[in-house]
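# Structural characterization, general
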Amino acid sequence: MNFKIEKKLKGNLGRAGTLETVHGVIYTPAFVAVGTKATIKSLNPEQVRDAGTEVVLGNTYHLYLQPGDEIVRDAGGIGKFMNWKGPTMTDSGGFQVFSLGAAYGKDISKITKITDPSLLIPERFDDSDAPRLAKIGHDGVSFKSHLDGSIHYITPEKSIQIQRNLGADIIFAFDECTSPTEDLKYQSEALERTHRWAERSLREHIRLASSNFSVLHPSPSTGRDPRTFEIERSSPQENSALFFTQALFGIVQGGREESLRKESAKIISEINVDGKHFDGFGIGGSFAKEDMSSAVKWVNEILPEEKPRHLLGIGEPEDLFMGIENGVDLFDCVLPTRLGRNGTIYTKLGKIIITNKKFRDDFSPIEKDCECYSCKNYTRSYIAHLFHGKEMLAGTLASIHNLHFIVSLVKKIRQSILDDNFFEFKEDFLGNYLKGG
RNA sequence: GCGUCGGUGGUAGAGUGGUCAAUUACAACAGACUGUAAAUCUGUCGCCUUAGGGCUACGAAGGUUCGAAUCCUUCCCGACGCA
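Scoring rules and cut-offs
Residues numbered from 1 in each chain as written. Chains lettered and ligands numbered in written order. Predicted model: local features only at pLDDT ≥ 70, side-chain atom pairs only at ≥ 80, totals over all residues. Helix = DSSP H or I, 4+ residues; strand = E, 2+ residues; numbered from the N terminus. Buried ≥ 20, exposed ≤ 12 C-beta atoms within 10 Å, placed from the backbone. Contact = placed C-beta atoms within 7 Å. Near = placed C-beta within 6 Å. Nonpolar A, V, L, I, M, F, W, Y, C, P; charged D, E, K, R; others polar. Pairing = 2+ DSSP bridges. Axes fitted to C-alpha atoms, helices over the stretch in contact; angles between N-to-C directions. Core = buried A, V, L, I, M, F, W, Y, C linked by C-beta atoms within 7 Å. Domains from an automatic or database assignment. pLDDT = per-residue confidence, 0-100.

## Side note on the overall build of chain A
When you go through chain A residue by residue, the secondary structure sums to 19 helices and 18 strands. Every one of the 437 residues in chain A was classed for burial, and the buried ones make up 48%. Put simply, 73% of the contacts in chain A that link residues at least 6 apart link residues at least 24 apart.

Following this line, the structure appears as C-alpha cells:
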C-alpha cells in the first residue's frame, strides 16, 4: 500500500490523494462500499463497480462465522471469493463488540440521538445481566454466534489471523467501539484496552507477515494446500504481493471526550513494534452527530499527515463533507445499501421514501440528470411498484442509485479540492440537499 | 320450491350474551435506519375530539334482555344438497 497526497485544502486538514494497492488505486477521499458477508447486499460486483465503487469492505466476525476464514483463504482471499477485482478491506470485528454487546437489544446505534450530555454519560449502572451476544473478557471478547449460539472468543491476535486469511488489502486492528452511554471512567478503561489490543494487533500482523503464515499453512478444513491453488490461479508475484503488502490500520477511539480522543490519536500513531507502525488509521466510535466534527478534528490534527485516515461507519452527505474538510480520506457506511433496500433513496434535494403514495404515478426517473443504471432505465413509479410488490429488484435498483449517489458525491468533493472550490461546492450541495427535500 | 351452512372493519379470518370499536394476518398510510443480528423495525389504521371521552358500527328490519356482533322472528344475499 502506498499513499500520496496530491493536494491539500487551504487552511484546513482536508486533502485529496491516491492510495495504491496491488488490486488497484483508490482515489481519496473515497467511499468504501460495505459488503459485510463478502457481498454488497442485493448487488453483483459489476453493479457495484458501475456505481463507481473503487473498494469494498468485508467483516471479520461475520466471515469467520460463515463461511469461515479458512474457506475464504482457500478460495484465494475475499476479493477472489466474491469476484471483486478491485481493492478490499476488512473490519476487525470491533464494531460487533458494540453492536452485539452494549447496544444489543437497545435503542442505541452508531449515531446517537441523545444530545444531552447528562444523558450521554450517566452513572454507570450494572446491566451485566442484560442479554447480549458479546461480552468483553480479559484479553478479548467472547461472542455468542447469532447464527447458532456457539461461543467464540476473539482476541486481537485472532482477529488479525482471521483477517490474514480473508486476505484483504487493508485490515483493521481489533478495537472496542464503546457505547455513548458509558461514563468517562469506562470510556477511559475501554480506551486503554483498545490501545493494548492495537499494539497486540500490530505485533501479530508483523509476526504473521514474517512467517508467511497464510501462504504456507495447508488448510485443515479442505485438506488442500493453498500454495497449489495460488500457483494455479495467479502469478507468484501477485500471490506474494497479496500477502506481503496487506496494510494494517490502527483505530482511534475515545468517545466524545477531547482528552481521550487526543490521547488515543497520539498513542495509536506512536505504537511501534520492532520499528514498525500502523499503515493508516481508523477513527471509530459511536457518538452524537454534533460531536463528530470536533472529534474528527481533534484526532486528525494529531495523526501523521502522510498516512491515510478512515472514518469508520460514516455517513450521510453532510458527514462526508465534514469528514473530508477535517482530513478524512476514506469512509464506509451501510446507509446507501440499507436505506436502498428499505425504500429510502438519496436525491440532491434530500432523501425520499419511494413507497410514499405520491410516487406511485410519478413517471420521472429518481433524478433526471443522474447517470446511474436505475435512473437511466426506470421511473419512480416502477421502483415504487417493485417495493410495494416486495420484488427483489426493488432493493437492487435503489441500492444502485444510492451507492452511485454517495460514491459520486465523494468523487465530486475530491474534484472540488483539486479545483480549489471545495467550500463553494459544499455550500451549493448542502444548500439544496438539506433544505430541498 | 324445500333443506343445510353461512353473511364481521379495504381483504382474509377470529369472536358466538357484558371484559368488543371488535384477536390476528395481509393491504393501506406515515416514519426510522450511519465500521449490517436488517429485502429490517416502529407507529397509525370507523368518525369526531379541548385526548377525559363522545358518536356510529359485525347483511337489513324488528324483537328478547339491565346489556346483543353473539339469542329469537321476518326479509335480502351467497354456497352446497334435494327437487
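## Some thoughts on the protein's contact with RNA strand B
Around RNA strand B, the structure places 50 residues, and the nearest of them are Lys-110, Cys-177, Gly-313, Gly-315 and Val-334. When residues of the surface near RNA strand B are traced back to their parent elements, those giving at least two are strand S5 (56-59), helix H5 (94-102), strand S16 (330-333), helix H15 (335-341) and helix H18 (392-418). Its residues assigned to classes, the surface near RNA strand B shows 17 nonpolar, 22 polar and 11 charged.

## With respect to the sheet that holds strand S13 (residues 280-283)
The eight strands lie next to each other as S4-S5-S6-S11-S12-S13-S15-S16, forming a closed barrel whose pairing is parallel. In this sheet, adjacent strand axes meet at a mean angle of 30° when their direction is disregarded. Across three bridges, strand S11 (residues 170-172) lies against strand S12 (residues 247-252) in parallel orientation. Following the sheet pairing, Phe-172 is matched in S12 by Phe-249.

## Side note on unusual backbone geometry
Leaving glycine aside, a negative phi is the common case for residues, and trans is the common case for peptide bonds. The omega angle of the peptide bond from Thr-28 to Pro-29 is 0°, so this bond is cis rather than trans. Note on placement: Pro-29 falls in the loop between strand S3 (24-28) and strand S4 (30-34). Each neighbour pair has its own omega, and for Ile-314 with Gly-315 the value is 15°, a cis peptide bond. As for its placement among the helices and strands, Gly-315 is situated in the loop between strand S15 (309-311) and helix H14 (317-325). Of note in this structure, Asn-83 is not a glycine but carries a positive phi near 65°. Looking at Asn-83, the number of C-beta atoms within 10 Å reads 11, which means it is exposed.

## Remarks on the nonpolar core
Soluble, globular proteins show a tendency: their nonpolar side chains are buried together. Within the largest apolar cluster, 102 residues are counted, with the highest numbers of intra-cluster contacts made by Val-32, Ala-173, Phe-249, Phe-331 and Val-410. When residues in this core are grouped by element, the largest group, 12 residues, is from H18. Counting contributing residues, this core receives three or more from each of domain 1 (2-333) and domain 2 (335-437). When sequence neighbours within four positions are dropped, the list of residues in contact with Phe-331 reads Phe-31, Val-32, Leu-311, Ile-314, Gly-315, Leu-320, Gly-323 and Val-410.

## Some words on the sheet that holds strand S10 (residues 151-154)
Reading across the sheet, the three strands line up as S8-S9-S10 and stay open at both edges, with antiparallel pairing between neighbours. This sheet does not close on itself; its edge strands, each paired only once, are strand S8 (134-136) and S10. Strand after strand, the sheet turns through a mean of 20° between neighbouring axes, direction not considered. Across four bridges, the pairing between strand S9 (residues 141-144) and S10 is antiparallel. Residue pairing across strands places Val-141 opposite Ile-154, the latter belonging to S10. The sheet strands contacting H5 are S8 and S9, and the helix crosses S8 at an angle near 110°.

## Quick notes on the environment of Thr-53
Mapping Thr-53 onto the fold places it in the loop between helix H1 (45-50) and S5. A sequence separation of 27 residues divides Thr-53 from Ile-26, and the C-alpha atoms of the two residues are 9.4 Å apart. What Thr-53 contacts, discounting residues up to four positions off in sequence, is Ala-33, Val-48, Leu-403 and Val-407.

## As for the domain arrangement of chain A
We note that the domain assignment places domain 1 (2-333) and domain 2 (335-437) within chain A. With 28 residues of domain 1 at the interface, the matching set in domain 2 holds 27 residues. The leading source of residues in the side of domain 1 that touches domain 2 is H14, at five residues. Class assignment for the residues of the side of domain 1 that touches domain 2 results in 18 nonpolar, five polar and five charged.

## Brief notes about the pairing of S3
As paired strands, strand S2 (residues 15-21) and S3 are joined by five bridges and run antiparallel to one another. Residue Gly-17 lies in a different strand from S3, and its bridge partner there is Thr-28. Where S2 folds back onto S3 in an antiparallel hairpin, the turn is made up of two residues.

## As for the confidence of the model for chain A
Of all residues in chain A, 89% have pLDDT values of 70 or greater, and the mean over the chain is 91. Across residues 214-243, confidence stays below pLDDT 50; counting only partners more than four residues off in sequence or on other chains, it has 35 contacts. Confidence metrics for the complex model read pTM 0.91 and ipTM 0.89.

## Concerning the environment of Val-55
Relative to the elements of secondary structure, Val-55 occurs in the loop between H1 and S5. When the 25 C-beta atoms within 10 Å are taken as the criterion, Val-55 is described as buried. Excluding anything up to four places from it in sequence, Val-55 contacts Ile-26, Ala-30, Val-32, Gly-86, Pro-87, Thr-88 and Met-89.

## Some points on the pairing of strand S6 (residues 88-91)
Here S6 shows no split at all, with Thr-88 and Thr-90 on one side and Met-89 and Asp-91 on the other all buried. Direction of pairing for S5 relative to S6: parallel, over a ladder of four bridges. Bridged to Val-56 within S6 is Thr-88. Relative to S11, S6 is paired through two bridges, and the arrangement is parallel. When the bridges of S11 are listed, Thr-90 appears paired with Ile-171.

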